[in-house]
Amino acid sequence: MDERKQKVLRAIITDYINTAEPVGSRTIAKNYDLGVSSATIRNEMSDLEDMGLIEQPHTSAGRIPSQQGYRYYVDFLMDEGTLVPGEREAIQAFFGEHLPRLDRLFNDTCKVLSDLSQYITMIMTPAKSTGTLEKMQLLSLNPFQAVLVIVTDVGLVHHRTIDFPIPVSEKRLEEINQALLKKLKGRNIGDVNNTLMQEISGELSKEMSIVDSILEMMSDAVKASGEEKIFLEGTLNILNQPEFRDIEKVKEILSFLTNEEILKELLHGKNAEGTSFAIGEELSHGQIHQCSMVTCTYHINGNTVGTIGILGPTRMEYARSASLIQEVAGQLSSVLQNINKNGGTK
């Protein structure tokens, strides 16, 4: 494609993203300094339509980008996006303010990204039982209670409150913690089974009632953390998009979003390293063929552990969405890395 056609296509896509209205040659000539007449722009638009990059939704209307046009734009024409003033600071402030429980961290991260992008956002968490146990800490709350924190090489598995039937001193709790860690460190979390639990109970038989409480909580934590989880925010943002004023279209998308297994399948298919785009029919599910998705992976210790996604109309702001998701993924990776390093949350 020659440079002039590229400029016309870029102008059409930019204008349509901003207005959601078909774009005519006069609009391009007036708003974009291409140095050519409206007649020349019309000829270029005709060629772009023949190439399948734009289409005419109605007779006598302007043109809108096709899904093929959006793909060409993302691959060849899109400039690197920049965040508006304050957005990067808002993201950094959110992640720097505190280290909450992981469920809250993922949920709030999803909400921050949804608020900034005004699209639907989702995060797939790690399948934590695939990691190996790196750290474990029993933190005394009082003589009858402690918090169990388990950390794997791919992140925090869980932390739970344990009730003891007898009082336990902080010193004795640390001795038990070290004995358990010596036995469990380096083991795959999924291998923490009943046989291993019984073996540990036998070695710490003097503390049977205490150890049983700890091992029961460990077993529950492992079971609860064995599957990826999807966090979803901004579902109602779709109602703000002109493309989805048709209630039947909205119903199809909402139905899609309620199926967690399909969402996992979608994000699993997009977990290639870095940022990727899926436009319209490139998304494998028919209910969302009028949508596009930007995804980005996040990491712990250099390992990809999950995927963040932004779902919006094919008219979405691709460059800005990519900038937002990259910033959030980077900050989330840093926070998870710190949790992994420090063995717990504030």
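For clarity, every value in this text was computed on a predicted model and none was experimentally measured. (Residues numbered from 1 in each chain as written. Predicted model: local features only at pLDDT ≥ 70, side-chain atom pairs only at ≥ 80, totals over all residues. Heavy atoms only, no water.)

A. Structural detail: the environment of Asp15. Mapping Asp15 onto the fold places it in helix α1 (residues 3–19). Once you skip the residues sitting within four places of it in the chain, Asp15 turns out to touch Ala20, Val23, Thr27, Asn31 and Tyr32. (Helix = DSSP H or I, 4+ residues; strand = E, 2+ residues; numbered from the N terminus. Contact = heavy atoms within 4.5 Å.)

B. Broad picture of the pairing of strand β10 (residues 303–313). Burial analysis of β10 places 9 of its 11 residues in the buried class, the great majority of the element. Bridge analysis of strand β3 (residues 120–124) against β10 gives 5 bridges, and the strand direction is antiparallel. When the bridges of β10 are listed, Met124 appears paired with Thr307. Linking strand β9 (residues 291–300) back to β10 in an antiparallel pair, the connection comprises 2 residues, with Asn301 at a positive phi of about 55°. (Buried < 20%, exposed > 50% of the residue type's maximum accessible area, 1.4 Å probe, protein only. Pairing = 2+ DSSP bridges.)

C. Focus on α1. The end-to-end C-alpha distance of α1 is 24 Å, a good match for the 24 Å that 17 residues give at a rise of 1.5 Å each. All of the buried residues in α1 are Lys5, Val8, Leu9, Ala11, Ile12, Ile13, Asp15, Tyr16 and Ile17. Packed against the buried residues of α1 are α2 (25–31), α3 (38–50), β1 (54–55), β2 (64–65) and α4 (67–77). (Expected span 1.5 Å × (residues − 1).)

D. Seen up close, the sheet that holds strand β7 (residues 230–233). Spatially, 5 strands are ordered β7-β3-β10-β9-β8 in an open sheet, and the strand pairing comes out antiparallel. Only two strands of the sheet have a single partner each, and these edge strands are β7 and β8 (275–279). Here the average twist between neighbouring strands, direction ignored, is 20°. Against the sheet, helix α11 (residues 260–268) makes contact with β3, β7, β9 and β10, and its axis sits at roughly 80° relative to β3, the strand it touches most. (Axes fitted to C-alpha atoms, helices over the stretch in contact; angles between N-to-C directions.)

E. Local environment of the pattern of salt bridges. Scanning the entire structure with this criterion turns up 18 salt bridges. Residues Lys111 and Asp115 are paired through a salt bridge, measuring 3.1 Å at the closest nitrogen-oxygen approach. On the criterion of helical spacing, the pair formed by Lys111 and Asp115 is a turn pair, its members being 4 residues apart in helix α6 (residues 102–117). We classify Asp115 as partly exposed; its relative accessible area is 43%. A network of salt bridges, in which partner residues are shared, links Asp2, Arg4, Lys5, Glu44 and Asp47. (Salt bridge = Lys/Arg side-chain N within 4 Å of Asp/Glu carboxyl O.)

F. Highlighting the packing of aromatic side chains. Summed over the entire model, instances satisfying the criterion amount to 7 aromatic pairs. Residues Phe106 and Tyr298 carry aromatic rings whose centres are separated by 6.1 Å and whose planes lie at 45° to one another, so their mutual orientation is tilted. Note that Phe106 is positioned in helix α6 and Tyr298 in strand β9, a separation of 192 residues in sequence. For the pair formed by Phe106 and Tyr298, the shared burial category is buried. In this structure an aromatic cluster arises from ring pairing among Tyr70, Tyr73, Phe277 and Tyr318. (Phe/Tyr/Trp six-rings, centres within 6.5 Å; stacked < 30°, edge-to-face > 60°.)

G. Examining α11 more closely. Taken residue by residue, α11 has Ile262, Leu263, Lys264, Leu266 and Leu267 as its buried positions. Those residues of α11 that are buried lie in contact with β3, β7, α10 (247–257), β9 and β10. Two or three places before Glu261, at the start of α11, stands the capping residue Asn259, its side-chain oxygen 3.2 Å from that residue's backbone nitrogen. (Polar contact = N/O pair within 3.5 Å; in protein donor to acceptor, adjacent residues only side chain to side chain.)

In short, geometric facts, not functional conclusions.
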